[in-house]
Amino acid sequence: MDAHGNVVMPAFVVGRTQEILFLLIDLARRKRLPHLSIWVDSPIATAATHLTQHFFNQLDGQSQVTFTWHKNNPSAVDLRFIADVEESKALNKVKGGAIIISASGMCDAGRIVHHLEANLPRSQNAIVITGF
């Protein structure tokens, strides 16, 4: 982020995307990261995230604290969910300041392929491979 580039994070849509969101939001909550602009570019990950929010009372205490903080401080983390292919393509015009979380986690198919093609050539961008 200091290089004013983008961070692209390939992620598995169910589970991993939600973990990444909670970690990034928690780091912002604890002021360990500055204001974040996060785009989740996966219709299935979007649906899974909304399902996670629906079952809020089933989350662990730390996740509930983080989610509640984000709900009460929506301007601290700009979280957007990409709905369609045209929005996804437009995201590749963003040249800095974006955290793009997209499927597939294996980087071999899906929208992540286009985000990698658009962001890999620029040295100020970073690709973060998430894993166990």
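It should be emphasised that the depicted structure is a prediction, and the values quoted were computed from it without experimental measurement. (Residues numbered from 1 in each chain as written. Predicted model: local features only at pLDDT ≥ 70, side-chain atom pairs only at ≥ 80, totals over all residues. Heavy atoms only, no water.)

A. Structural context of helix H2 (residues 43–54). Compared with the 16 Å implied by 1.5 Å per residue over 12 residues, the 17 Å span of H2 between its first and last C-alpha is a close match. Buried residues of H2: Ala45, Thr46, Ala48 and Thr49, and no others. On an axial view of H2, the arc spanned by its buried residues comes to 165 degrees, and they lie on one face. Exposed residues lying more than 90 degrees from the buried face of H2 are Ile44 and His54. Buried residues belonging to H2 abut helix H1 (16–29), strand S2 (36–41) and strand S3 (77–81). (Helix = DSSP H or I, 4+ residues; strand = E, 2+ residues; numbered from the N terminus. Expected span 1.5 Å × (residues − 1). Buried < 20%, exposed > 50% of the residue type's maximum accessible area, 1.4 Å probe, protein only. Arc of directions from axis to C-beta. Contact = heavy atoms within 4.5 Å.)

B. Representation of helix H5 (residues 112–119) within the structure. By the burial criterion, the buried members of H5 are Ile112, His115, Leu116 and Asn119. The buried residues of H5 occupy an angular sector of 100 degrees when projected down its axis, which confines them to one face. Those residues of H5 that are buried are in contact with strand S1 (7–10), S2, helix H4 (85–91), strand S4 (98–102) and strand S5 (126–127).

C. Broad picture of the sheet that holds S2. Strands sit in the order S3-S2-S4-S1-S5 across an open sheet of 5 strands; the sheet is parallel. Of all strands in the sheet, those bounded by a partner on one side alone are S3 and S5. The sheet contact formed by S2 and S4 spans 5 bridges and is parallel. Across the sheet, residue valine 40 finds its bridge partner in S4, namely isoleucine 101. (Pairing = 2+ DSSP bridges.)

D. Highlighting the pattern of salt bridges. Across all of its chains, the model carries 5 salt bridges by this definition. Measuring nitrogen to oxygen at the nearest pair gives 3.0 Å for the salt bridge that ties arginine 30 to aspartate 26. Judged by relative accessible area, which is 10%, aspartate 26 ranks as buried. Within this structure, Asp26, Arg29 and Arg30 form a network of salt bridges that share partners. (Salt bridge = Lys/Arg side-chain N within 4 Å of Asp/Glu carboxyl O.)

E. Expanded view of the nonpolar core. In this structure, Met9, Leu24, Leu36, Ile38, Val77, Ile99 and Ile101 are the most contacted members of the largest nonpolar core, which totals 18 residues. For this core, the elements supplying multiple residues, two or more each, are S1, H1, S2 and S4. Sorting elements by how many residues they give to this core places H1 first, with 5 residues. Excluding anything up to four places from it in sequence, leucine 24 contacts Met9, Leu33, Leu36, Ile38, Ile99 and Ile101. (Core = buried A, V, L, I, M, F, W, Y, C linked by side-chain atoms within 4.5 Å.)

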